[in-house]
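Chain by chain, the residues run as shown.
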Amino acid sequence: MDRHPIVAGRFYDEQPERLHAVVDGYLSQAGERQEDPTLLAMVPHAGYVFSGAVCGRTLGAANLAPTVLLLGPNHTGRGERFALWPDGNWIIPGGALPVDTGLAGALLDADPAIKADTSAHTGEHSIEVVLPFLHRLNPETTIVPICISAPTLESLERVGKAIGRALDGFGAPVSIVVSSDMSHYIPSEDARKMDGMALEPMMTLEPAVLYDTVRSRHISMCGVLPMTTGLYAAKVLGATHAELMAYATSGEVSGDFAQVVGYAGVLVS
């Protein structure tokens with residue numbers, strides 16, 4: 001089953017040539033590509049005019065594998081807690097990224113909570129918005145998308161570690177890309193402070209601390225569940241280093257610093 005875009009023409013340009021030019025421009029803002037393989041990248045998923053530069057500076061510097069496991073939040077509330085799109089292609093303007101069915105099968109076998117489910121993805125934009133960047137970096141990229149809404153730390157830890165073991169035993173390198181925005185609709189100064197609290201445990205590779213900090217401080221980071229899961233997986237894969245590649249808020253584009261959304265780009269190796 002193919003998945004067609006739902007936010008082309010709104011979050012990003014639906015005309016392929018213009019989209020390619022915009023994405024290439026954001027990717028060109030990155031520094032040199034990192035030498036160490038990227039185990040995990042976290043990037044935002046807002047409209048490109050707001051978050052595209054953070055996404056480009058992060059993924060442009062990443063050293064991604066040809067196969068990418070995408071972990072995104074569930075904004076719609078539909079579908080399974082760990083909903084995996086099992087086959088077909090994810091279509092974007094001017095191209096498509098095929099699902100790696102071998103990896104999808106390995107992940108479905110990794111933990112019973114991971115279930116084949118397309119309903120969680122059909123109205124969800126968070127993974128889709130990242131795909132044009134992956135396609136421009138490597139048009140041969142294959143993917144496995146998982147939409148996550150499991151609410152407990154215990155389930156995120158168990159599934160995250162199971163994902164890490166599955167990737168470790170897959171036989172080909174796989175990078176994890178997590179889609180998440182940071183604080184939502186608060187003053188810019190508050191967003192930077194709150195987002196700093198959430199980013200600190202990412203830099204020290206402490207997924208439980210990230211989860212607890214976001215929950216206890218009421219930080220409106222929409223992708224805390226996939227990022228917690230991804231960090232557990234990355235640690236199984238031997239992660240030792242995290243780096244903040246970019247941070248910005250929507251106010252820097254809109255001029256409205258009273259109600260901003262925060263965007264962060266992180267690389268883990």
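Quick note: structure is the one above.
Bear in mind that the values here come from a model prediction, so they are computed numbers and not experimental data.

(A) Examining the nonpolar core more closely. Judged by nonpolar contacts, the single largest core of 82 residues is most densely connected at L59, L69, L107, I146, M202 and M221. In terms of residues, this core owes the most to one element, helix α9 (residues 224-236), which gives 7 residues. Setting aside its immediate chain neighbours within four residues, L107 contacts L69, L84, I114, V144, I146, I163, A166 and L167. Listed in part, the 6 residues of the second largest apolar core include A46, V54, A248 and V261.

(B) Representation of the side chain of S155 in the model. Mapped onto the elements of the fold, S155 is located in helix α6 (residues 153-168). Since its relative accessible area comes to 12%, S155 is described here as buried. With sequence-adjacent residues up to four places away left out, S155 is seen in contact with F82 and A150.

(C) Looking closely at helix α3 (residues 101-110). The complete set of buried residues in α3 reads L103, A104 and L107. Angular distribution of buried residues about the axis of α3 spans 105°; they occupy a single face of the element. Exposed residues lying more than 90 degrees from the buried face of α3 are T101 and D109. The elements touched by buried residues of α3 are β2 (67-73), β3 (82-84), β6 (114-116), β7 (142-148), α6 and β8 (174-179).

(D) Just the pairing of β2, in detail. Summarising burial for β2: 7 of the 7 residues are buried, a large majority. Burial along β2 is two-sided: the face carrying T67, L69, L71 and P73 and the face carrying V68, L70 and G72 are both buried. Here β2 runs beside β7; their pairing, made up of 7 bridges, is parallel. By the bridge assignment for β7, L70 is matched with P145. Inspection of the sheet shows β2 paired to β8 by 5 bridges, in the parallel sense. By the bridge assignment, T67 is partnered in β8 with V174.

What counts, and at which threshold
Residues numbered from 1 in each chain as written. Predicted model: local features only at pLDDT ≥ 70, side-chain atom pairs only at ≥ 80, totals over all residues. Heavy atoms only, no water. Core = buried A, V, L, I, M, F, W, Y, C linked by side-chain atoms within 4.5 Å. Buried < 20%, exposed > 50% of the residue type's maximum accessible area, 1.4 Å probe, protein only. Helix = DSSP H or I, 4+ residues; strand = E, 2+ residues; numbered from the N terminus. Contact = heavy atoms within 4.5 Å. Arc of directions from axis to C-beta. Pairing = 2+ DSSP bridges.

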